[in-house]
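Residues per chain, in single letters:
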Amino acid sequence: MTEDDVLVRQEGAVAVLTLNRPASLNAWDMAMQDTVRRRFGEFAADASVKAVVITGAGDRAFCAGQHLAETADFGPEHVDGWLDNFRALYRAILEIDKPVVAAINGVAAGSGYQLTLLCDVRVAHPGVRMGQTEVSSGIPSITGMYLTTSALGTSRTLELMMSGRLMEADELKQVGLVHHLVPQGDVLDTAIKVAGQLAEQPSVAIALTKQRYRDLVTPGLWEAFEAARAIDRKAWASGQPQQVMRDFFAARRKA
């Protein structure tokens, strides 16, 4: 991971953070997640930043989730550090008292999908696909299940968690996971415009509204992280995630 894997620029009062690994569909590892977390701490402390936009480089993906090269050789002993890293990242995004808008350009899968659900507003285009694909890599969907249940309810969530399927843009708009559906070339500009409009709202009211939302959401999310410790240890101890990932890389080498 290099600093170039996470790019930051500012447009007026809006900070734009770009996940910059287009060749790997902006999949991230723990080092890249640490950089995003640190950047959010900087945004929180910077009075010139009134809102944040998150997007992905290229036109294929917002974020494909976990970089499998990092987890292919994981064992149960790696689970706690891995989850602690995600929890710290999720906390940093949820605790910023400024609007956060996702500019979704392509696939958002696994933890990349969860990242979109941590944002306050989501802008996407026809052709975007989003979903919780972890089960297809042999990893139980625990935190993703909680975030999806909070947004969609239990029936649709269970089907999504077990199938690992990606929802298409029309379904995402219909169920309310996407707020603005615009042409592909307009996604980032629209997200910056929406973030700028939210940045003009009274800051104290925004901060207190987000604080109350955190009060409602985070206890269940932190409980999901704790549950994931034992559940993920069992999954990694079975050897199935590692085998699925090895099979994935073997198939890619043959392609």
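Residues numbered from 1 in each chain as written. Predicted model: local features only at pLDDT ≥ 70, side-chain atom pairs only at ≥ 80, totals over all residues. Heavy atoms only, no water.

1. Topic: the layout of surface pockets
Left-over empty space is what a probe sized like a water molecule reveals as it rolls over the atoms.
Okay, step 1: Its volume calculated, the largest pocket comes out at about 610 Å³.
Okay, step 2: Taken together, 23 residues line the largest pocket, and the ones lying closest to its centre are Ala64, Gln66, Leu68, Ser137 and Phe248.
Okay, step 3: Among the elements of the structure, helix H2 (68-71), strand E6 (107-109) and helix H10 (240-254) are those that each provide at least two residues to the lining of the largest pocket.
Okay, step 4: The dominant element in the lining of the largest pocket, judged by the number of residues it contributes, is H10, at 4 residues.
Okay, step 5: Computed from the structure, the second largest pocket encloses a volume of approximately 310 Å³.
Okay, step 6: Among the elements that line the lining of the second largest pocket, the one with the most residues is helix H9 (residues 203-238), at 5 residues.
Okay, step 7: Residue composition of the lining of the second largest pocket, grouped by class: 10 nonpolar, 4 polar and 3 charged. (1 Å grid on protein atoms, 1.4 Å probe; cavity = no way out; pocket = protein on both sides within 12 Å on 5 of 7 lines; lining within 4 Å. Points joined across faces, edges and corners; volume = space filled by probe spheres on them. Helix = DSSP H or I, 4+ residues; strand = E, 2+ residues; numbered from the N terminus. Nonpolar A, V, L, I, M, F, W, Y, C, P; charged D, E, K, R; others polar.)

2. Quick look at helix H6 (residues 154-163)
Okay, step 1: Those residues of H6 lying buried are Thr157, Leu160 and Met161. One side of H6 carries all its buried residues, which in axial view fall inside an arc of 95°. When the buried face of H6 is taken as reference, the exposed residues oriented beyond 90 degrees from it are Ser155 and Met162.
Okay, step 2: Of the surrounding elements, those touching the buried residues of H6 are helix H5 (143-152) and strand E9 (167-168).
Okay, step 3: Following H6 by one or two positions, glycine 164 adopts a phi angle in the positive range, close to 65°. (Buried < 20%, exposed > 50% of the residue type's maximum accessible area, 1.4 Å probe, protein only. Arc of directions from axis to C-beta. Contact = heavy atoms within 4.5 Å.)

3. Focus: empty space enclosed by the protein
Okay, step 1: The full count for this structure, using the stated rule, is 2 cavities of 30 Å³ or more.
Okay, step 2: A volume near 110 Å³ is recorded for the largest cavity.
Okay, step 3: Every residue lining the largest cavity is counted, 14 residues in all, and those nearest its centre are Trp82, Leu83, Glu134, Thr143 and Asp232.
Okay, step 4: Residue assignment for the lining of the largest cavity shows that the elements contributing at least two residues are helix H3 (79-95), helix H4 (111-118) and H9.
Okay, step 5: By residue number, the principal contributor to the lining of the largest cavity is H3, which donates 4 residues.
Okay, step 6: For the lining of the largest cavity, a count of residues per class yields 9 nonpolar, 3 polar and 2 charged.
Okay, step 7: Contributing to the lining of the second largest cavity are Ile93, Leu94, Val100, Leu117, Leu118, Cys119, Asp120, Lys210, Tyr213 and Arg214.
Okay, step 8: Listing elements by their share of the lining of the second largest cavity, those giving two or more residues are H3, H4 and H9.
Okay, step 9: By residue number, the principal contributor to the lining of the second largest cavity is H9, which donates 3 residues.

The analysis is restricted to geometry; functional conclusions fall outside its scope.
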